[in-house]
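Reading the structure
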Amino acid sequence: MSNSQVQIFDTTLRDGEQVPGCKLNTEQKVVIAEQLDFLGVDIIEAGFPVSSPGDFKSVEEISKTVKNATVCGLTRSVENDIKVAAEALKYAKKPRIHTGIGTSDSHIIHKFKSNREDIIQRAYAAVSYAKSFVEDVEFYAEDAGRTDNDYLARVCEAAIKAGATVLNIPDTTGYCLPHEYGAKIKYLKENVKGIEKAILSCHCHNDLGLATANSIEGVINGARQIECTINGIGERAGNTALEEVVMILKQHPYLNLDTNIQTEMLYGISQLVSDSMGIYTQPNKAIVGANAFAHSSGIHQDGVIKNRETYEIIDPKEVGVTESAIVLTARSGRAALAYRAKNVGYELTKLQLDEVYANFLTFADKKKEINDNDIHQIIETSKVYQQIIST
Ligand code: KIV
Ligand code: ZN
């Protein structure tokens, strides 16, 4: 793998599916996994096999179906979890076991009622046991975001000694600021013995709206895998949004960080996930929201009609959206009305436009948004209608 390549680890079907009320059945999961494979993700986290017979079956079916991506199953640092995950992954062309344990003092004291040395031993034992089933073992240090860096480095060293190929550094509670998360990755890169044998992975939650920024800081500081979900869905405020990190790296080529994602599929897969889960994506969601390429104020519309790049940094086609939308509201100007009128078959002169625009404003004050039928009606009821259709 070249040093500029960032692996995209999709966890829509595991962390993403932890959204309350959004359970998917096995068939739906297989359909999404196939699309993720076509999209070009490098790893699909298909589920947590020990958690239920349904999850086991989903991981097994996804393992049979996926052709290119690595298929991954989550476990705790518990032998039975690992054994069950290995069993569920047995048909995968490229299986990965993702095992780990909480490393912050809060997790060690309250969750495990244990101590730091014991946690290191459990981490080592879990990775060693997972290695007895598969070559590719990812270790997560849960709540790494709130774990002090010296201790985290010692846990990572133990995981590498046991054979971990990937070290996941989750900001489980979405607590870190971008510069802190970046510094954590840099610290591990510089202080963990044997770090060259493993890839560092970012897994950031969005409790403070920083998941995407933190993941980008992570890769700028040396991580080479990002864990993310379609539409940023996931526990509480969600995970890093796949479409956001991918487009950030694509829009900033000087970072020299690439992914294998076929970006033209992003909008379609966003719709598939939101329809399957019954969660509607917020209209202003970056990249895939309904308004991500819609322009509504007169000043912006005039600029975009003259040259799309005045107010758009991404060509909508690059992410699978057919075209930018010029939305007609009472805030729209003449340029937008002329543009939309032309699209439905009316070429207006300047004087005709002045007349139709006055009529449009009366309509638009009564209605939130003017559609194509309304445009016909506005033109048909304007004083210059006969003149327009006879030219
Ligand atoms: O957020 C987290 O810490 C996780 C781990 C289980 C990887 O999802
Ligand atoms: Zn998580």
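Shown above is the structure to which this text applies.
A brief structural summary. Note that this is a predicted model, so its numbers are computed, not measured.

Our next topic: the packing of aromatic side chains. In the structure shown here, the tally under the stated rule is 2 aromatic pairs. Taking 5.1 Å as the distance between ring centres and 90° as the angle between the ring planes, the aromatic pair formed by Y129 and F133 counts as edge-to-face. With 5.7 Å between their ring centres and 25° between their planes, Y357 and F360 make a pair best called stacked. Note that Y357 and F360 are positioned in helix α13 (residues 350–366) at a spacing of 3 residues, about one turn of the helix. Neither Y357 nor F360 differs from the other in exposure class; each is buried. The ring of Y151 has R116 sitting right over it, with the charged end atom 4.5 Å from the ring centre.

So, on to the sheet that holds strand β1 (residues 7–10). Strands sit in the order β1-β2-β3-β4-β5-β6-β7-β8 around a closed barrel of 8 strands; the barrel is parallel. The sheet shows a mean angle of 25° between the axes of neighbouring strands, direction not considered. With 2 bridges connecting them, β1 and strand β2 (residues 43–47) associate as parallel partners. Within β2, the residue paired with F9 across the bridge is I43. In this fold helix α8 (residues 211–220) packs onto β6 (166–171), β7 (199–204) and β8 (225–228), with an angle of close to 170° to the strand it touches most, β7.

With that out of the way, let us pick up α8. Among the 10 residues of α8, 7 are classified as buried, and the element is accordingly described as predominantly covered. The complete set of buried residues in α8 reads A211, T212, N214, S215, I216, G218 and V219. Lining the buried residues of α8 we find β6, α7 (178–191), β7, β8 and α9 (242–251). Following α8 by one or two positions, G222 adopts a phi angle in the positive range, close to 120°.

What follows concerns the coordination of the zinc ion (ligand 2). Protein coordination at the zinc ion (ligand 2) comes from D15 (OD), H203 (NE2) and H205 (NE2), with a distance range of 2.0 to 2.1 Å. Donor residues binding the zinc ion (ligand 2) come from one chain and are separated in sequence as D-x187-H-x1-H. One end of the pair, D15, is in the loop between β1 and α1 (26–39); the other, H205, is in the loop between β7 and α8, and 190 residues separate them in sequence. Each member of the pair, D15 as well as H205, carries the same accessibility label: buried.

Parameters and conventions
- Residues numbered from 1 in each chain as written.
- Chains lettered and ligands numbered in written order.
- Predicted model: local features only at pLDDT ≥ 70, side-chain atom pairs only at ≥ 80, totals over all residues.
- Heavy atoms only, no water.
- Phe/Tyr/Trp six-rings, centres within 6.5 Å; stacked < 30°, edge-to-face > 60°.
- Helix = DSSP H or I, 4+ residues; strand = E, 2+ residues; numbered from the N terminus.
- Buried < 20%, exposed > 50% of the residue type's maximum accessible area, 1.4 Å probe, protein only.
- Lys NZ or Arg CZ within 6 Å of the ring centre and 35° of its normal.
- Pairing = 2+ DSSP bridges.
- Axes fitted to C-alpha atoms, helices over the stretch in contact; angles between N-to-C directions.
- Contact = heavy atoms within 4.5 Å.
- Donors = N, O, S within 2.8 Å, 3.2 Å for Na, K, Ca; no water.

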